[in-house]
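# Descriptive analysis of the structure
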Amino acid sequence: MNTAGHSEATARRGLELTPFRGLRYDPDRVGSLAAVTSPPYDVVVRPDGLHHLQSADPHNIVRLILPQATTPTARNEQAADTLRRWLSEGILTTDPEPGLYVYEQRDGDGMLQRGIIGALRVSDPSEGVVLPHEDVMPHVVADRAALMRATSANLEPLLLTYRGNGSTSSAIEVVERVADHPPLLATTTEDGFSHRLWSITDPDDLTRIQSDLSQHQALIADGHHRWATYRRLRTEHTSPSPWDYGLVLLVDTARYPLRVRAIHRLLHGLPVTDALAALDGLFRIQHLRIPLPEALDALADAACAGNAFLVAGDGAFHLIDRPDPDLLARTIPADRPAAWRTLDATVLHATLLHHVWHIPENDPSRIAYIHDTAATVEKAERDGGTAVLMHPVREEVVRDLARQGVTMPRKSTSFGPKPASGLVLRALDL
């Protein structure tokens, strides 16, 4: 891909963020704002996390983003019925005028993230405005599209990043000035993060933000499947329509750097002993009888020298590294940049999953993608499967590959903190 061409395309037409009338919980009608929020739909670990959130409050957002019924059609109809009922009962109310929203997340370790929530013009990757860095699974896109069609709503914002001018940008100036005022809402979720939300409706402030963003392109940090869903649904409606836009959170990582974490794999039906036996002679295997934090430290050290993974599920950790160069040459496509060929996720998918373990990466009965490290290990131990723990990729590697038009293997990265679902929604028919 011609990056110079991308720069020109971005200059002609960059990010187009528009105000919308946010749909928000009435705090007087729910137990607490914290009790009705949820992580993004794909972070909720089923079934434990889902059941916990459902019981936290009868109006928890998971009843919309992850409805439970016997068939997909019934699930989506249930979500649509629930949304209509909550609107009619005043559980969810619409803000009186369109705006953009400043969203802040803060934890006890000094992490502060602020960004802008709005409706972003949906574009194709060829425009070079919104850059994906991961492939998507068609069945997940189909699932999200059916839910959005049924509810006629964007139920949770995607997380996009852009590289602005940090504290000197006009968008950040507006964000930080607005954040000095009392928020529309403030809550602290059980993970220790505090969340605050403000509305921006002043025409001059909106113009400053939109003008600034129009000079930039964005990287999809979290929400590839939902962005692909936005693109699919846009093609189903005659433009102009509300479906030309999708709900996003935009964060300037020059001012507010994100954390980048790995997404781990849980391999169903593959005991650890069988997984390790298949690796004999192909990777170096070191058996570690140490706690999880120390095992992750060992993984980080090994990853500095090359591809490395932790295998778990039998009560111990097994560090596998130093893959056979001939094996990599045989199994990894040679028509991609070196930065892609040497990714841990590439080696995992092309070499380990496909060639050694014969596990299809898009078969949910054989593989699960889990963000929480301890939960991945616990599930493997409980189910008799194999956990494969990954080391995170640096953000600059992700962005550089995306600018070249090179997508990474599915679920290669986890940027965060992710926006909480349930703080502001976008109804497409309002």
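Right, let's walk through the structure included here. Along each chain, residue indices are assigned from 1 in the same order as the chain's sequence is written. Totals for whole chains, interfaces and linings use all residues, but because this is a predicted model, local features are given only for residues with pLDDT of at least 70 and pairs of side-chain atoms are given and counted only at 80 or more. Where side-chain values are given, they derive from all heavy atoms of the structure, hydrogens and water being excluded.

The next subject is the overall build of the protein chain. Put simply, DSSP H or I for four residues or longer makes a helix, DSSP E for two residues or longer makes a strand, and each gets a number counted from the N terminus. The secondary structure content of the protein chain amounts to 16 helices and 21 strands. Within these notes, the globule rule equals 2.2 Å times the number of residues to the 0.38 power, and the radius of gyration is based on C-alpha atoms. A globule of 430 residues ought to have a C-alpha radius of gyration of about 22 Å, and the protein chain, at 22 Å, matches this closely. For the protein chain, the C-alpha atoms occupy an extent of roughly 65 × 50 × 45 Å along the three principal directions. Relative accessibility decides the category of a residue: with a 1.4 Å probe and only protein chains considered, values under 20% of the type maximum give buried, values over 50% give exposed, and everything between is partly exposed. For the protein chain, the proportion of its 430 residues judged to be buried stands at 55%. Across the protein chain, contacts joining residues at least 24 apart in sequence account for 79% of those joining residues at least 6 apart. Residue burial considers only the protein chains on display, and all accessible areas are found by Shrake-Rupley using a 1.4 Å probe. When the accessible surface of the protein chain is summed, it comes to about 17,800 Å², and 50% of that surface belongs to carbon and sulfur atoms. The contact definition used throughout considers only heavy atoms, calling two residues in contact when any of these lie within 4.5 Å.

Turning our attention to the sheet that holds strand β18 (residues 367-370). By the convention used here, strands pair only if DSSP detects at least 2 bridges between them. The antiparallel open sheet is built from 6 strands, whose spatial order is β15-β17-β16-β19-β14-β18. Unpaired on one side and paired on the other, β15 (284-288) and β18 mark the two borders of the sheet. Sheet twist, expressed as the average angle between the axes of neighbouring strands with direction ignored, equals 25°. Here helix α10 (residues 272-279) sits on the sheet and contacts β15, β16 (308-312), β17 (317-321) and β19 (386-389); the angle it forms with β17, its principal contact strand, is near 25°. In the packing of helix α14 (residues 344-356) onto the sheet, contacts are made with β14 (264-267), β16, β17, β18 and β19, and the angle to β16 comes to roughly 60°. Lines are fitted to the C-alpha atoms to define the axes, a helix being fitted only along its stretch in contact, and any angle between axes, read from their N-to-C directions, falls within 0 to 180 degrees.

To continue, consider the environment of His224. By the element assignment, His224 lies in helix α9 (residues 224-235). Sequence spacing of His224 and Val30 is 194 residues, and the spatial spacing of their C-alpha atoms is 31 Å. Apart from residues no more than four positions distant in its own chain, His224 is found in contact with Pro132, His133, Glu134 and Val136. N or O atoms closer than or at 3.5 Å make up a polar contact, with two conditions inside protein: a donor-capable atom paired with an acceptor-capable one, and, for residues adjacent in sequence, both atoms drawn from side chains. Within the structure, His224 has its side chain in polar contact with the backbone nitrogen of Glu134 (distance 3.2 Å).

This next bit is on empty space enclosed by the protein. The rule is simple: put a 1 Å grid over the protein atoms alone, call a set of points where a 1.4 Å probe fits but cannot get out a cavity, call an open set with protein on both sides within 12 Å along at least five of seven lines a pocket, and count a residue as lining if it has an atom within 4 Å of a point. Grid points are joined across faces, edges and corners, and a volume is the space filled by probe spheres set on the points. Tallied over the full model, the rule gives 4 cavities of 30 Å³ or more. As a volume, the largest cavity reaches approximately 130 Å³. Taken together, 13 residues make up the lining of the largest cavity; nearest its centre are Asp42, Asp222, Gly223, His224 and Lys411. Looking at the lining of the largest cavity, the elements with two or more residues in it are β11 (218-222) and α9. In terms of residue count, the dominant contributor to the lining of the largest cavity is α9 (3 residues). Grouping the constituent residues of the lining of the largest cavity by class yields 3 nonpolar, 5 polar and 5 charged. The volume enclosed by the second largest cavity comes to roughly 70 Å³. Along the walls of the second largest cavity sit Ile65, Arg144, Leu147, Met148, Ala153, Leu155, Glu156 and Arg226, which together make up its complete lining. In terms of residue count, helix α6 (residues 138-151) provides more of the lining of the second largest cavity than any other element does, 3 residues in total. Nonpolar residues are Ala, Val, Leu, Ile, Met, Phe, Trp, Tyr, Cys and Pro. Charged residues are Asp, Glu, Lys and Arg, and all others, Gly as well, are polar.

Looking along the chain, the bond that leaves Ser239 and enters Pro240 is cis, with omega of 5°. Inspection of the secondary structure puts Pro240 in the loop between α9 and β12 (245-252). The linkage connecting Gly416 with the following residue, Pro417, adopts the cis geometry, with an omega of 5°. As for its position among the elements, Pro417 is in the loop between β20 (414-416) and β21 (426-427). In this structure, Ser152 is a non-glycine residue whose phi angle is positive, near 50°.

Where helix α5 (residues 72-88) contacts α6, the axes come no closer than 8 Å and their chain directions differ by 35°. Between α5 and α6 lies a crossing of right-handed hand. Counting all contacts with α5, which are made through Asn76, Ala79, Ala80 and Leu83, the residues of α6 involved are Ala146, Leu147, Ala150 and Thr151. Tallied by class, the residues present in the contact of α5 with α6 amount to 6 nonpolar, 2 polar and no charged. If you view the pair so one helix is near and one far, a crossing is left-handed when the near helix is turned anticlockwise from the far one by less than a right angle, and right-handed when it is turned clockwise.

With that out of the way, let us pick up the environment of Leu83. The residue Leu83 is located in helix α5 in this model. With 324 residues separating them along the chain, Leu83 and Thr407 place their C-alpha atoms 35 Å apart. Residues in contact with Leu83, not counting those within four places in the same chain, are Leu23, Leu64, Leu92, Thr151 and Ala153.

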